Amino acid sequence: MSYRLPPLTALRAFEAAARHMSFAKAAEELNVTPAALSYQIKALEADLGQPVFRRLNRAVELTEAGRALAPGASDAFLTLSSAWRSTKRLNDTGVLTVTAGPAFTAKWLAPRMYDFAQAHPDIELRFNASLRVADFERDEVDCAIRFGVDVSEALYAEPLNQEWLTPMMAPEIARAIKTPQDLAQGTLIHDDSIAFLKTACDWAAWCRALELKVDTSHGPRFSQADHALDAAISGAGVVLGRITLAASALEAGQLVAPFQYGLIAGAQFRFVCPKGNERRPHITAFRDWVLDQIRMSRKFEVGRRLIPAGDPDS
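Residues numbered from 1 in each chain as written. Predicted model: local features only at pLDDT ≥ 70, side-chain atom pairs only at ≥ 80, totals over all residues. Heavy atoms only, no water.

1. Description of the overall build of the protein chain
Right, on to step 1. If you tally the helices and strands in the protein chain, you get 11 helices and 13 strands.
Right, on to step 2. Taken over the C-alpha trace, the protein chain has a radius of gyration of 28 Å; the compact-globule value for 314 residues is 20 Å, which it surpasses by more than 25%.
Right, on to step 3. The C-alpha extent of the protein chain, read off along each of the three principal axes, is 85 × 40 × 35 Å.
Right, on to step 4. Relative to its full complement of 314 residues, the protein chain shows a buried share of 46%.
Right, on to step 5. Sequence separation of 24 or more characterises 79% of the internal contacts of the protein chain that already satisfy a separation of 6 or more.
Right, on to step 6. Of the roughly 16700 Å² of accessible surface on the protein chain, 53% is carried by carbon and sulfur atoms.
Right, on to step 7. Averaging the positions of the 35 positive and the 37 negative side-chain charges in the protein chain gives two centres separated by 3 Å. (Helix = DSSP H or I, 4+ residues; strand = E, 2+ residues; numbered from the N terminus. Rg over C-alpha atoms; globule rule 2.2 N^0.38 Å. Buried < 20%, exposed > 50% of the residue type's maximum accessible area, 1.4 Å probe, protein only. Contact = heavy atoms within 4.5 Å. Areas by Shrake-Rupley, 256 points an atom, 1.4 Å probe, with all protein chains shown as cover. Lys, Arg positive; Asp, Glu negative; His and termini not counted. Charge placed at Lys NZ, Arg CZ, Asp CG, Glu CD.)

2. Let's talk about the confidence of the model for the protein chain
Detailed reading of the predicted model is not advised wherever pLDDT is low.
Right, on to step 1. Of all residues in the protein chain, 96% attain a pLDDT of 70 or more, and the chain-wide mean is 91.
Right, on to step 2. Per-residue pLDDT, averaged within each element of the protein chain, yields its smallest value for helix H4 (residues 64-89) (85) and its largest for strand E8 (residues 188-191) (98). (pLDDT = per-residue confidence, 0-100.)

3. Concerning the packing of aromatic side chains
Right, on to step 1. Taken as a whole, this structure holds 13 aromatic pairs when the rule is applied.
Right, on to step 2. Taking 5.7 Å as the distance between ring centres and 75° as the angle between the ring planes, the aromatic pair formed by Trp108 and Trp289 counts as edge-to-face. Of this pair, Trp108 sits in helix H5 (residues 102-109) while Trp289 sits in helix H11 (residues 281-296), and the two are 181 residues apart along the sequence.
Right, on to step 3. Overall, the relative accessible area of 1% leaves Trp108 in the buried class.
Right, on to step 4. With a centroid separation of 5.0 Å and 55° between ring planes, the pair formed by Phe147 and Phe269 is classed as tilted. You can see Phe147 sitting in strand E5 (residues 143-148) and its partner Phe269 sitting in strand E12 (residues 268-274), a full 122 residues away along the chain. Of the two residues examined, Phe147 and Phe269, each falls in the buried class.
Right, on to step 5. Aromatic rings pair up to connect Phe104, Trp108, Phe116, Phe147, Phe196, Phe269, Phe271, Phe286 and Trp289 into one cluster.
Right, on to step 6. Positioned over the ring face of Phe77 is Arg12, at 4.9 Å from the centre of the ring.
Right, on to step 7. For Arg242, the ring lying beneath its charged end belongs to Phe147, and the centroid distance is 4.3 Å. (Phe/Tyr/Trp six-rings, centres within 6.5 Å; stacked < 30°, edge-to-face > 60°. Lys NZ or Arg CZ within 6 Å of the ring centre and 35° of its normal.)

4. Observations concerning the pattern of salt bridges
Right, on to step 1. Within the structure shown, the criterion is met by 15 salt bridges.
Right, on to step 2. A salt bridge links Arg19 to Glu29, with the shortest nitrogen-to-oxygen separation between them at 2.9 Å. Of this pair, Arg19 sits in helix H1 (residues 8-20) while Glu29 sits in helix H2 (residues 23-30), and the two are 10 residues apart along the sequence.
Right, on to step 3. Judged by relative accessible area, which is 35%, Glu29 ranks as partly exposed.
Right, on to step 4. Close ionic contact of Arg287 with Glu158 constitutes a salt bridge, the shortest N to O distance being 4.0 Å. Here Arg287 is found in helix H11, whereas its partner Glu158 is found in strand E6 (residues 155-159), with 129 residues between them in sequence.
Right, on to step 5. Here the residues in one salt-bridge network are Arg12, Glu15, Arg19 and Glu29, joined through shared partners. (Salt bridge = Lys/Arg side-chain N within 4 Å of Asp/Glu carboxyl O.)

5. Some remarks on H11
A turn of α-helix holds 3.6 residues, and therefore any two residues three or four places apart point the same way.
Right, on to step 1. With 16 residues, H11 should reach 22 Å at 1.5 Å per residue; the first-to-last C-alpha distance of 23 Å fits that figure.
Right, on to step 2. Every buried residue belonging to H11 is among His282, Ile283, Thr284, Ala285, Phe286, Arg287, Trp289, Val290, Leu291, Gln293 and Ile294, and all of these are buried. (Expected span 1.5 Å × (residues − 1).)

6. Comments concerning the sheet that holds strand E7 (residues 164-168)
Right, on to step 1. Across the sheet, which stays open at both edges, the six strands sit in the order E9-E8-E10-E7-E11-E13 with mixed pairing between neighbours. Strand pairing shows two members of the sheet lacking a second neighbour, strand E9 (221-222) and strand E13 (305-308), which therefore form its edges.
Right, on to step 2. Sheet topology note: the E8/E9 ladder contains two bridges and is parallel. Bridge pairing links Asp191 to Phe222 in E9.
Right, on to step 3. Against the sheet, helix H9 (residues 225-233) touches E7, E8, E9 and strand E10 (238-242), its axis set at about 165° to E8.
Right, on to step 4. Seen against the sheet, helix H10 (residues 243-251) touches E7 and E10 and runs at an angle of roughly 115° to E10. (Pairing = 2+ DSSP bridges. Axes fitted to C-alpha atoms, helices over the stretch in contact; angles between N-to-C directions.)

7. Observations concerning the sheet that holds E5
Right, on to step 1. Ordered by their spatial adjacency, five strands build an open sheet running E4-E3-E5-E12-E6, and the pairing between neighbours is mixed. If you trace the sheet from one side to the other, it starts and ends with strand E4 (124-129) and E6, each paired once. With strand direction ignored, the average angle separating the axes of adjacent strands in the sheet is 25°.
Right, on to step 2. Here strand E3 (residues 95-100) pairs with E4 via six bridges, running parallel.

Here it is, written out as structure tokens:
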């Protein structure tokens, strides 16, 4: 028995018809006439030696053979399409698609886009602000910036920074909050976006590290870090801000961080892409630019005592 594959056009016609369960819709998708599509499927059935569809009155349904063939045909064409898109993108060095969380996109990337555009006018950046883990082939994403603990070994991952947190507030609020203990009289803004970390990096952890007696159970809570920072900028209270996300607001004077103590998070931002792609020119340019920009925020570490979250000696 020969296991030679039938023509690709016949398999493509079958896959489309099986997905739509309609010869007419499949023909429209493939931009052929229904008669041409029907001819391709009949040729496939002749090669197979049995029908893959039952032709009913104004409808079709898969036979047992058709049901056996359909999943594999669908997966094969999805894989082929994905590989083709990935290969085509190798030649496209003028567009770079980046995915990052909504907070990082809003508070870190967006304020710096003009700088990147000036330095790299030949690269057009496109952003996908999402917390969903990217499938680089399916989602047509070139690189990602992700915050967390672990990254798949199948990916290239470069740490960007040491993330730490410290109380941040609008300048007018700082006039009344002069010492850490004064936080007991302030409104504490809670950023719950990093509540997933095994080692807590919240107000309670920061106060334990400084041996402060402050009730941290009160105050508004936000599921997104950028919303918590915006609340602090507006003067609603004091946020335990993450340095990477708050750097622009600190540089602009919208927020101040008056205390010398910081809490080191048990996670960090990483630049991530498929292994090998970090050497592609436009990805390399973006990665190097991100690293340069991140280094600038290290000036906020000067004169501070940074304590690891959960440090028993703190």
